[in-house]
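This is what each chain is made of:
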Amino acid sequence: MSSPVPVLSCQQVVKRFGELEVLRGVNLEVAEHEVVVLIGASGSGKSTLLRCINLLETVDDGVIVLDGQDITDPRVNRDLVRRRIGVVFQAYNLFPHRTVLDNVTMAPRFVHRMTRPAAEQAAMTLLARIGLADKAREFPDRLSGGQQQRAAIARALAYHPRLLLLDEVTSALDPELVGEVLALIRDLKSQGMTIVMATHEMTFARQVADRVLFLHDGTVLESGPPEQVLEHPVEPRTRQFLARFIEGGRL
Amino acid sequence: MSQPAVSAIERDRQAYRRAQARRSTAIAAISTVVFAGALFLAVTRSPGWPRVRQQFFNLEVAGDSLPRILEGLWLNIRVLVVAEVLILIVGLAVAVTRTLRGPIFVPLRALAAGYTDLFRGIPLIILLYLIGFGVPGLRLQGVPTSVVVLGTTAMVLTYSAYVAEVFRAGIDSVHPSQRAAARSLGLTYRQSMRLVVLPQAVRRVAPPLLNDFVALQKDVGLISVLGAVDAVRAAQIESAESFNFTPYVVAGLLFVALAIPTARAADWTAARLERRERAAGVL
């Protein structure tokens, strides 16, 4: 039962940093339970787009609509918007002075006003599901990269966001640890989570994505189902970009 | 580059943000005026105000005492500059000594730790008396007897202990991975300290260092207890001659005027650091 209103809709989004136009009119619609994967070279605007959606950056033009609400309207309370979006960063960004459990329960307790026992119980269930129950009392720096990134995903999930944004979440991990994080994301998809993710993992994109968008120079150059975009790209730029992955044996 | 064409909705947003900015400015201006007005009325309507104004804010006395106080302030400034340079050197040396590893440095480390414990603990005024009156009492050959030199020495001893701790906090705040990266390049301990750790540490503690500098700016006035004719002592003399407290107020205002540029410099360095090293974004 997909709702007629998309969860997320970006319309002609423009973002500039000084003279540099990073996004030049990006359009993107994400339906409920859909997993959309953004691919493209570094500097193509993938991360900037995700940061704009989470209002970490103010767009210079265009509109971003979340569940029918224009969130780029300056009258909108940013904090209320962010409560509905979960974000996972490339470098985890866990709080090093708090245990994993405290990291995961911070938003439920201090933003969503859950009691500590309730928040911790929910967090422990969540951590158990992703295989980190025994690490709950550890500090982030004592975990492996893969464990840290899974903890960061748990932190983003703890308040049941409508939309999950994943910004190259496996780029800082070595190949051995990438698998455990991707397995977790696959799980989330099967549970119906709505996800927008930027990644360089083309194999994974093909398996999990409902739709793949190729970003080039701040515009969506090509988009469609993964079989089409990844295997039969129309645009020469897309082919050129994907060729590097085929050479590298990663597709 | 001319302003790029924008959609109607973005023009709306920009107009709204401008309106918000104007509103904030207006609120700030009104609340400042109301607050300042209320404070002014509260003071000037108080029953004792005419007498207080006569005793503390007498323009005539202020004008008469100003040249002498300025002369005293010049001494404060010279002491301040010399002391600050010495403090930074001694403080950094003590801080680096405290970070030295290895059994051979145990006595040095203990000495540095003892130094900070002692001189941070001892009240500045007591140290001023001990050094200002005790050291000349020894009647040693070649030891300076000028109260200015002795007062500056006491100032340097106390403040170096504080500044050493600030530096040490800065050194400790540099992530171990930076040291690991530096040593992995083959840099020696000293080189990695000088080229990698200290530059980051010093930059990071610039704001608290400037804070200590502001504190020192007014504490240099304490050398007056030894008899040096600085701004505070000059004010005291003027006050005794005119039976009026205005010279103290004049000296106080001059110290404030001295501190304001430093405070702004501290804010500015902190802001610049923030801009340079942190990623942008709306937080």
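Enquirer: Outline the overall build of chain B, listing residues and values.
Expert: Regarding its fold elements, chain B presents ten helices and zero strands. Secondary structure elements in chain B, listed N-terminal to C-terminal, are α-α-α-α-α-α-α-α-α-α. By the compact-globule yardstick of 19 Å for 283 residues, chain B is too spread out, its C-alpha radius of gyration being 26 Å. Each principal axis of the C-alpha distribution contributes one length, and for chain B these read about 85 × 70 × 30 Å. The burial tally for chain B puts 25% of its 283 residues in the buried class. Taking as baseline every contact in chain B between residues at least 6 positions apart, the subset at least 24 positions apart corresponds to 75%.

Enquirer: Please provide a residue-by-residue account of the overall build of chain A, values included.
Expert: Across its full length, chain A holds nine helices and ten strands. Relative to the globule expectation of 18 Å for 251 residues, the C-alpha radius of gyration of chain A, 18 Å, shows essentially globular dimensions. For chain A, contacts bridging at least 24 residues in sequence account for 65% of all contacts bridging at least 6.

Enquirer: Lay out the sheet that holds strand S3 (residues 35-39) of chain A with the relevant residues and their values.
Expert: All names here are of chain A. Taken in spatial order, the six strands line up as S6-S7-S8-S3-S9-S10 in an open sheet, and their pairing is mixed. A single partner strand is all that each edge strand has here, and the edge strands are strand S6 (85-88) and strand S10 (219-224). Neighbour-to-neighbour, the strand axes of this sheet turn through a mean angle of 20°, independent of strand direction. For S3 and strand S9 (residues 211-216), the ladder comprises four bridges, and the chain directions are parallel. Looking at the pairing, valine 37 lines up with valine 212 of S9. Those strands touched by helix H5 (residues 145-157) are S6 and strand S7 (163-167), and its axis lies near 170° from that of S6.

Enquirer: Requested: an account of the confidence of the model for chain B, with residues and values cited.
Expert: Chain-level pLDDT for chain B is 89 on average; 96% of the residues reach the 70-or-more range. Across the predicted assembly, pTM comes out at 0.76 and ipTM at 0.76.

Enquirer: Lay out the nonpolar core with the relevant residues and their values.
Expert: Generally speaking, nonpolar side chains in soluble globular proteins are found buried as a group. By size, the foremost hydrophobic cluster in this structure holds 73 residues, and its most contacted members are A:Val13, A:Val37, A:Leu38, A:Leu165, A:Val196, A:Ala205 and A:Val212. Broken down by element, the residue count for this core peaks at six residues, all from H5(A). If you look at the next biggest cluster of nonpolar residues, it comprises 36 residues, including B:Leu80, B:Ile87, B:Leu127 and B:Leu209.

Enquirer: I'd like a description of the sheet that holds strand S4 (residues 61-66) of chain A, backed by residues and values.
Expert: In a beta sheet, neighbouring strands are held together by backbone hydrogen bonds and run either parallel or antiparallel to one another. Residues and elements named next belong to chain A. Strand order in the open sheet made by the four strands is S2-S1-S4-S5, with antiparallel pairing throughout. Edge positions in the open sheet fall to strand S2 (20-30) and strand S5 (69-70), since each of these has one partner strand only. One ladder, built from two bridges, connects S4 with S5; its direction is antiparallel. Looking at S5, one finds that leucine 66 is bridged to glutamine 69.

Enquirer: Help me get a handle on the pairing of S10(A), residues and values and all.
Expert: Residue and element names in this part refer to chain A. Two strands pair when backbone bridges link them, and S9 and S10 are joined in this way by five bridges, in the antiparallel orientation. Across the sheet, leucine 213 pairs through a bridge with serine 223, a residue of S10. In textbook terms, the turn of a hairpin is the stretch between consecutive antiparallel strands, and for S9 and S10 this stretch comprises two residues, one of which, aspartate 217, has a positive phi near 55°.

Enquirer: Give me the lowdown on unusual backbone geometry, citing residues and values where you can.
Expert: Glycine aside, negative phi is the norm for most residues, and most peptide bonds take the trans geometry. All names here are of chain A. Positive phi outside glycine occurs at arginine 113, with the angle close to 55°. When you line up the elements, arginine 113 lands in the loop between helix H3 (100-111) and helix H4 (116-129). Among the residues examined, arginine 113 registers 8 C-beta atoms within 10 Å and is labelled exposed.

Enquirer: Which residues make up the packing of helix H3 (residues 59-99) of chain B against helix H9 (residues 231-242) of chain B, and what values do they have?
Expert: Residue and element names in this part refer to chain B. Two elements in contact, H3 and H9, have axes separated by 7 Å at closest approach and are oriented at 155°. In terms of their interaxial angle, H3 and H9 are classed as roughly antiparallel. For the crossing formed where H3 meets H9, the hand is right-handed. On the side of H3, the interface is formed by Val61, Ser65, Arg68, Ile69, Glu71, Gly72, Leu73 and Asn76, while H9 contributes Ala231, Arg233, Ala234, Ala235, Glu238 and Ser242. Across the contact of H3 with H9, the residue classes break down as six nonpolar, four polar and four charged.

Enquirer: Kindly report on helix H5 (residues 124-137) of chain B, identifying the contributing residues and their values.
Expert: Residue and element names in this part refer to chain B. Spanning 14 residues, H5 covers 19 Å between terminal C-alpha atoms, matching the ideal 20 Å at 1.5 Å per step. Of the positions making up H5, those classed as buried are Leu127, Leu128, Ile131 and Gly132. Lining the buried residues of H5 we find helix H6 (147-173). Directly beyond the C-terminal end of H5, a positive phi value near 55° is found at arginine 139.

Enquirer: Help me get a handle on the packing of helix H7 (residues 176-184) of chain B against helix H8 (residues 189-219) of chain B, residues and values and all.
Expert: Residues and elements named next belong to chain B. Relative orientation of the contacting elements H7 and H8 amounts to 160°, with a least axis distance of 10 Å. If you check the angle between H7 and H8, you find them roughly antiparallel. Along this stretch, H7 crosses H8, giving a crossing that reads as right-handed. Here Gln178, Arg179, Ala182 and Arg183 of H7 come into contact with H8, specifically with Ser192, Leu195, Val196, Val197 and Gln200. Grouping the amino acids of the contact of H7 with H8 by side-chain chemistry returns four nonpolar, three polar and two charged.

Enquirer: Describe the confidence of the model for chain A, naming the residues involved and giving the relevant values.
Expert: Mean pLDDT over chain A: 91, with 97% of residues reaching 70 or higher. Mean pLDDT values over the elements of chain A span from 87, in helix H9 (residues 236-247) of chain A, up to 96, in strand S8 (residues 195-198) of chain A.

Enquirer: An account of the environment of B:Glu238 is needed here, citing residue identities and associated values.
Expert: All names here are of chain B. Looking at the secondary structure, you find glutamate 238 in helix H9. Sequence separation between glutamate 238 and arginine 68 is 170 residues; the distance between their C-alpha atoms is 8.2 Å. Once residues within four sequence positions are removed from consideration, glutamate 238 is found in contact with Ser65, Arg68, Ile69 and Pro247.

Criteria and thresholds
Residues numbered from 1 in each chain as written. Chains lettered and ligands numbered in written order. Predicted model: local features only at pLDDT ≥ 70, side-chain atom pairs only at ≥ 80, totals over all residues. Helix = DSSP H or I, 4+ residues; strand = E, 2+ residues; numbered from the N terminus. Rg over C-alpha atoms; globule rule 2.2 N^0.38 Å. Buried ≥ 20, exposed ≤ 12 C-beta atoms within 10 Å, placed from the backbone. Contact = placed C-beta atoms within 7 Å. Pairing = 2+ DSSP bridges. Axes fitted to C-alpha atoms, helices over the stretch in contact; angles between N-to-C directions. pLDDT = per-residue confidence, 0-100. Core = buried A, V, L, I, M, F, W, Y, C linked by C-beta atoms within 7 Å. Parallel < 35°, antiparallel > 145°, perpendicular 65-115°, else oblique. Left-handed = near helix turned anticlockwise from the far one by under 90°. Nonpolar A, V, L, I, M, F, W, Y, C, P; charged D, E, K, R; others polar. Expected span 1.5 Å × (residues − 1).

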